[in-house]
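Below, each chain spelled out in residue letters.
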Amino acid sequence: MSIDQTQLSKFLSLVLRHKPDAIGLVLDSQGWASIEALIDKANAAGTKFGRTELLHVVETSDKKRFSVSPDGLRIRAAQGHSVSVELGLSPKEPPAVLYHGTATRFVEAIIEQGLKPQARQQVHLSRDEATARRVGQRHGKPYIFEVDTLAMHANGFKFYLADNGVWLTDRVPPEFLAPSATAAE
Ligand code: HQG
């Protein structure tokens, strides 16, 4: 039987963000993999799916996690990598504030050290509190920080907008963080 949509999405996140080696896949420096190679190698490793199923997951992904190249030959994760990739995004002026959703148990460390990318390549910021809350819930009881991106931008920090609308930056020092209006609701 072939794999279901959620399993396929998780499998793609694993090989395109974290462990291409798991199936012997090679990502280029910008994170792209050949769709043909991905399908062949996944099938050989026992995860069965075809191009139609793959493209269906790309199109219906709630967070638009994956991008297909304009020629239809390559795929990459829009963000969230732990393997080193250079997404080739240009710095962009962010909205005046962005939000970061985390779990309450991390709050003390974040107030002390600021936001760090941890296992990923960059810190992820959300455009609205509802999205940030969903991100935070993945880790436990959610807590939302408001990030003073206007001040960071004025201080030379760079921001990047991933293909799926997630904002990325290298780090957020504590002085640019405040609890959001609904921080721990
Ligand atoms: C926390 C999902 C202690 C940080 C989402 C977070 C997102 C600190 C955790 C994407 C810290 C890292 C990314 C510090 C940061 N001390 N904890 N100094 N600095 N943290 O999963 O942002 O579903 O790597 O607050 O939608 O939660 O995978 O990052 O709680 O866009 O497609 O360390 O993943 O997308 O956790 O999530 P993560 P994230 P997908």
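Basis of the calculations
- Residues numbered from 1 in each chain as written.
- Predicted model: local features only at pLDDT ≥ 70, side-chain atom pairs only at ≥ 80, totals over all residues.
- Heavy atoms only, no water.
- Buried < 20%, exposed > 50% of the residue type's maximum accessible area, 1.4 Å probe, protein only.
- Helix = DSSP H or I, 4+ residues; strand = E, 2+ residues; numbered from the N terminus.
- Arc of directions from axis to C-beta.
- Polar contact = N/O pair within 3.5 Å; in protein donor to acceptor, adjacent residues only side chain to side chain.
- Core = buried A, V, L, I, M, F, W, Y, C linked by side-chain atoms within 4.5 Å.
- Contact = heavy atoms within 4.5 Å.
- Pairing = 2+ DSSP bridges.
- Domains from an automatic or database assignment.
- Buried area = accessible area lost by both parts, 1.4 Å probe.
- Salt bridge = Lys/Arg side-chain N within 4 Å of Asp/Glu carboxyl O.
- Nonpolar A, V, L, I, M, F, W, Y, C, P; charged D, E, K, R; others polar.

S.K.: So what's going on with helix α2 (residues 35-44)? Residues and values would help.
M.R.: All buried positions along α2 are accounted for by Ile-35, Leu-38, Ile-39 and Ala-42. An end-on view of α2 places all buried positions within 95° of arc, on one side of the element. Opposite its buried face, α2 presents the exposed residues Glu-36 and Ala-44, each directed more than 90 degrees away. Two to three positions downstream of the cap, the backbone nitrogen of Glu-36 sits 3.3 Å from a side-chain oxygen, assigning the N-cap of α2 to Ser-34.

S.K.: Residues and numbers for the nonpolar core, please.
M.R.: Within the largest apolar cluster, 21 residues are counted, with the highest numbers of intra-cluster contacts made by Leu-12, Leu-16, Leu-38 and Phe-49. Broken down by element, the residue count for this core peaks at 5 residues, all from helix α1 (residues 5-18). Beyond its immediate sequence surroundings of up to four residues, Leu-16 is in contact with Leu-25, Leu-27, Ala-33, Phe-66, Ile-75, Arg-76, Ala-77 and His-81. Counting 17 residues, the second largest nonpolar core, distinct from the first, contains Leu-125, Tyr-143, Trp-167 and Leu-177.

S.K.: Explain the pairing of strand β6 (residues 142-147) residue by residue, including any values.
M.R.: When you tally the buried positions in β6, you get 5 out of 6 residues, the bulk of the element. The pairing of strand β4 (residues 98-103) with β6 spans 6 bridges and is antiparallel. Its bridge partner lying in β6, Ala-103 is registered against Pro-142. As defined by bridge partners, β6 adjoins strand β9 (residues 177-179) across 3 bridges and the pair is classed as antiparallel.

S.K.: Describe the domain arrangement of the protein, and please don't skip the residues or the numbers.
M.R.: The domain architecture assigned to the protein consists of domain 1 (5-77) and domain 2 (97-179). Just the C-alpha atoms count here: the centres of domain 1 and domain 2 sit 27 Å apart. Taken together, the 7 residues of domain 1 in the interface contact 4 residues of domain 2. Summing both partners gives a buried area of about 360 Å² for domain 1 against domain 2, and 35% of it is carried by carbon and sulfur. The interface formed by domain 1 and domain 2 contains 1 salt bridge. Across the pair Asp-163 and Arg-76 runs a salt bridge whose closest N-O atoms are separated by 3.9 Å. If you look at where domain 1 meets domain 2, you find 2 residue pairs in polar contact (both at pLDDT 80 or more). Among the residues making up the side of domain 1 that touches domain 2, the classes are represented as no nonpolar, 2 polar and 5 charged.

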